[in-house]
There are 2 protein chains.
Amino acid sequence: MPQLRPQDLAPKIQHTNLNPDATRRDIERLCKECVRYGFDAAVVNPIWVRDAKRLLRGTEVKVCAVVNIPLGGSTTLAKVVEVRNAVAMGCDEVDFMIAVGYLKSGMIEVFREDTEAMVEAAEGRVVKAILEFALLTEDELRTAARVCEESGVHYLKNSSGWGKGGHATVEVVRAMRSVAGPNMRIKASAGIRDYRTAAALVEAGADLLGTSAGVQIVTGAAAESGDQTY
Amino acid sequence: MPQLRPQDLAPKIQHTNLNPDATRRDIERLCKECVRYGFDAAVVNPIWVRDAKRLLRGTEVKVCAVVNIPLGGSTTLAKVVEVRNAVAMGCDEVDFMIAVGYLKSGMIEVFREDTEAMVEAAEGRVVKAILEFALLTEDELRTAARVCEESGVHYLKNSSGWGKGGHATVEVVRAMRSVAGPNMRIKASAGIRDYRTAAALVEAGADLLGTSAGVQIVTGAAAESGDQTY
């Protein structure tokens, strides 16, 4: 396996804290770590977007809000308000969970309207669709990917990490890649705890990694490459 | 332990399906079981409120929508829209997860505004506050209960069942009872899978039980009481 150095990995890491019991202080730490290690984004619940944006002002670290996980049970209207609210507070990216219930009920037009509404509400920000991969049949995965692509979603992301979506694996990343349109990118997420897992997922085609273990991952990469600066 | 008959237990059961992969057909089944067994309410994600309401028209079974679980990370604005939307679609009750992050950050006035906004958005419907009990210190539990009572919340509910809120136990029900105001009621939820657990929680002071195993529980009660009609 080719060696990925810390500086190769860090810009692919979206450093994440969605814990219900995360405090403002925890979000501050998350943001500081993003700056310190050169992570791509701080990923937070909508209630913390404003704080994260303020803390990251003047840096290149983006703020990403996560919506509707892990049940995918919010109405389109409520999610549109959530996304627009997050955009108004300065978030740069939105990860939303697809309406798995509509998809599995064969309500494809409702599913499409819901997906389109997310992209529209994000007003040009990067939008990632959380598939909850482990819940989907191959047909459903294919349908979801097609609707997401046609709706202008930028990334497929395999899992919320909080429900039944499963973990990121090389196979999962490859499966997403195989159904994603040529312009779509892949965010791997859930269960990415160490350097070797992270590196394998990037090698398999993941453009971004969603993880709460970003620090562990880059320090692991530094150790493996003999880099003393981390 | 005094024997609880099926007809004692069924009216306390809020029969629940919040699975992300629940289909319209699953919601139909849930509603049919509510009618068949005399459960108090069908508890569903907001996307299914309209269907559940239609399916239960002409019956006494209520429809309850669940909001913001299990991360508690939605903004007040988004939750207000979610609740008002659910009310507009006919829901009779709202279970919302408290903003644990605000509570744990000591942002008590923001926490209070958030809680009050939920009650106001519900326009007189029964409102239950999901505490995610296992995440809270005793002080936080006390503060949450006080703010909920002062805001007009009707029920304390221990857990979403999807995150880190823990399971319902006799101790949890007693602890909620000890901090709840005299007019507040208790909904026990998460991990209630059989008759004996359900009966013990009711004995301990739970006014309602949130469970996806309602059928199992009443048929268990029937078996223990020798009732042949279930």
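### Remarks on the environment of Leu136 of chain A
Residue and element names in this part refer to chain A.
(1) Moving on: Relative to the helices and strands, Leu136 resides in the loop between strand 5 (126-130) and helix 7 (138-151).
(2) Moving on: Along the primary structure Leu136 and Gly124 are separated by twelve residues, whereas in three dimensions their C-alpha atoms are 28 Å apart.
(3) Moving on: Each residue touching Leu136, except ones within four places of it in the same chain, is listed here: Ile98, Val100, Leu103, Lys104, Leu131 and Leu141.

### Brief notes about unusual backbone geometry
Residue and element names in this part refer to chain A.
(1) Moving on: With omega at -5°, the peptide bond leading from Ile69 into Pro70 counts as cis.
(2) Moving on: Its place among the elements puts Pro70 in the loop between strand 3 (62-67) and helix 4 (76-88).
(3) Moving on: Although it is not a glycine, Glu132 sits at a positive phi angle of roughly 50°.
(4) Moving on: Relative to the helices and strands, Glu132 is located in the loop between strand 5 and helix 7.
(5) Moving on: Accessibility expressed as a relative area gives 0% for Glu132, which makes it buried.
(6) Moving on: For Ala190, which is not glycine, the phi torsion reads 85° and is therefore positive.

### So, the pairing of strand 5 (residues 126-130) of chain B
All names here are of chain B.
(1) Moving on: Of all five residues making up strand 5, four are buried, and the element is well covered by its neighbours.
(2) Moving on: The pairing of strand 4 (residues 93-97) with strand 5 spans five bridges and is classified as parallel. Within strand 5, the position partnered with Val94 by the bridge is Val127.
(3) Moving on: Sheet topology places strand 5 next to strand 6 (residues 155-157); three bridges connect them, and they run parallel. Each residue of the ladder has a partner; that of Ala129, found in strand 6, is Leu156.
(4) Moving on: You can see the chain leave strand 5, run along helix 7 (residues 138-151) and come back into strand 6, and the turn it takes is right-handed.

### Regarding the relation of the copies chain A and chain B
(1) Moving on: Mapping chain A onto chain B calls for a screw motion: a turn of 180° about the axis and a shift of 0.0 Å along it, with 0.0 Å RMSD after fitting. Here the copies are linked by what is in effect a two-fold axis. Among all residues of chain A, the one whose C-alpha sits closest to the rotation axis is Ala78 of chain A, at a distance of 2.8 Å.
(2) Moving on: Same-surface contact between copies: 100% of interface residues of chain A are shared with the interface of chain B.

### So, helix 8 (residues 170-179) of chain B
Given 3.6 residues to a turn, an α-helix orients residues that are three or four positions apart in the same direction.
Residues and elements named next belong to chain B.
(1) Moving on: Residues Val172, Val173, Ala175, Met176 and Val179 constitute the buried set of helix 8. One side of helix 8 holds all its buried residues, which, seen down the axis, span an arc of 160°. Residues of helix 8 that are exposed and point over 90 degrees away from its buried face: Glu171, Arg174 and Ser178.
(2) Moving on: Elements that come into contact with the buried residues of helix 8 comprise helix 7, strand 6, strand 7 (185-189) and helix 9 (195-204).

### Things to note about the packing of helix 6 (residues 108-121) of chain A against helix 7 of chain A
All names here are of chain A.
(1) Moving on: The N-to-C vectors of helix 6 and helix 7 enclose an angle of 45°; their axes lie 9 Å apart at closest approach. The angle between helix 6 and helix 7 places the two elements in the oblique class. Handedness of the helix 6/helix 7 crossing: right-handed. Along its contact with helix 6, which presents Ile108, Phe111, Arg112, Thr115, Glu116 and Val119, the element helix 7 presents Thr143, Ala144, Arg146, Val147, Cys148, Glu150 and Ser151.

### Looking at the sheet that holds strand 5 of chain B
Residue and element names in this part refer to chain B.
(1) Moving on: Read once around its circumference, the closed barrel built from eight strands follows the order 1-2-3-4-5-6-7-8, with strand pairing classed as parallel. Averaged over all adjacent pairs, the angle separating strand axes in this sheet is 25°, with direction ignored.
(2) Moving on: For strand 6 and strand 7, the ladder comprises three bridges, and the chain directions are parallel. Note on strand 7: the bridge partner recorded for Tyr155 is Arg185.
(3) Moving on: Where helix 10 (residues 214-225) meets the sheet, its contacts fall on strand 1 (13-17) and strand 8 (208-211), and the angle it forms with strand 1 comes to roughly 140°.

What counts, and at which threshold
Residues numbered from 1 in each chain as written. Chains lettered and ligands numbered in written order. Predicted model: local features only at pLDDT ≥ 70, side-chain atom pairs only at ≥ 80, totals over all residues. Heavy atoms only, no water. Helix = DSSP H or I, 4+ residues; strand = E, 2+ residues; numbered from the N terminus. Contact = heavy atoms within 4.5 Å. Buried < 20%, exposed > 50% of the residue type's maximum accessible area, 1.4 Å probe, protein only. Pairing = 2+ DSSP bridges. Right-handed = clockwise from strand over helix to strand, strands pointing away. Least-squares fit on C-alpha atoms with pLDDT ≥ 70 in both. Arc of directions from axis to C-beta. Axes fitted to C-alpha atoms, helices over the stretch in contact; angles between N-to-C directions. Parallel < 35°, antiparallel > 145°, perpendicular 65-115°, else oblique. Left-handed = near helix turned anticlockwise from the far one by under 90°.

Geometric descriptors of this kind do not, in isolation, establish any biological role.
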